[in-house]
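Summary of the model geometry
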Amino acid sequence: MLKPLNDRVVVKVEEQEEQTIGGFVLAGHAHETTKRAEVLAVGEGVRTLTGELVPSSLKSGDKVLLEHHAGIEVTDGDEKRLLVREAEILAIIE
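The rules behind each value
- Residues numbered from 1 in each chain as written.
- Predicted model: local features only at pLDDT ≥ 70, side-chain atom pairs only at ≥ 80, totals over all residues.
- Heavy atoms only, no water.
- UniProt positions renumbered as here; feature names shortened; annotations may be inferred.
- Pairing = 2+ DSSP bridges.
- Helix = DSSP H or I, 4+ residues; strand = E, 2+ residues; numbered from the N terminus.
- Axes fitted to C-alpha atoms, helices over the stretch in contact; angles between N-to-C directions.
- Contact = heavy atoms within 4.5 Å.

The name given to the protein in an unreviewed UniProt entry is Co-chaperonin GroES, with the source organism recorded as Streptococcus acidominimus. According to the UniProt record, the Sequence similarities (unreviewed entry) comment for the protein reads "Belongs to the GroES chaperonin family."

The next point concerns the sheet that holds strand 1 (residues 8-13). With antiparallel pairing, six strands are arranged side by side in an open sheet as 8-9-1-4-7-10. Two strands close off the open sheet at either side, each with one partner strand: strand 8 (72-76) and strand 10 (89-93). This sheet shows a mean twist of 45° between the axes of neighbouring strands, independent of strand direction. Pairing between strand 1 and strand 4 (residues 35-42): five bridges, direction antiparallel.

Looking now at the environment of Val-84. Mapped onto the secondary structure, Val-84 falls in strand 9 (residues 79-85). Here the alpha-carbon distance between Val-84 and Ala-70, two residues 14 residues apart in the chain, equals 6.6 Å. Contacts of Val-84, omitting those with residues within four sequence positions, involve Asp-7, Arg-8, Val-9, Leu-66, Ala-70, Gly-71 and Ile-89.

Encoded structure:
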């Protein structure tokens, strides 16, 4: 399991399919949009200039919304994960 540092977050992107009126199924990466993901691990937070720790507002299990090109794809064993900064997360889905 990956343990992110500072304000970084490890997420698992949910594959999305879009079906056209004609019944064709487009893969999740066939069009640019936002992505839904589940938070797997969260870093401790970010430090201010004075050294104070500002903890992350996310926790494992949160469902989040990301921009299409956010983060860096990494491999954890056989699984592909996305490593993003907390600032790249657009919203928490409730």
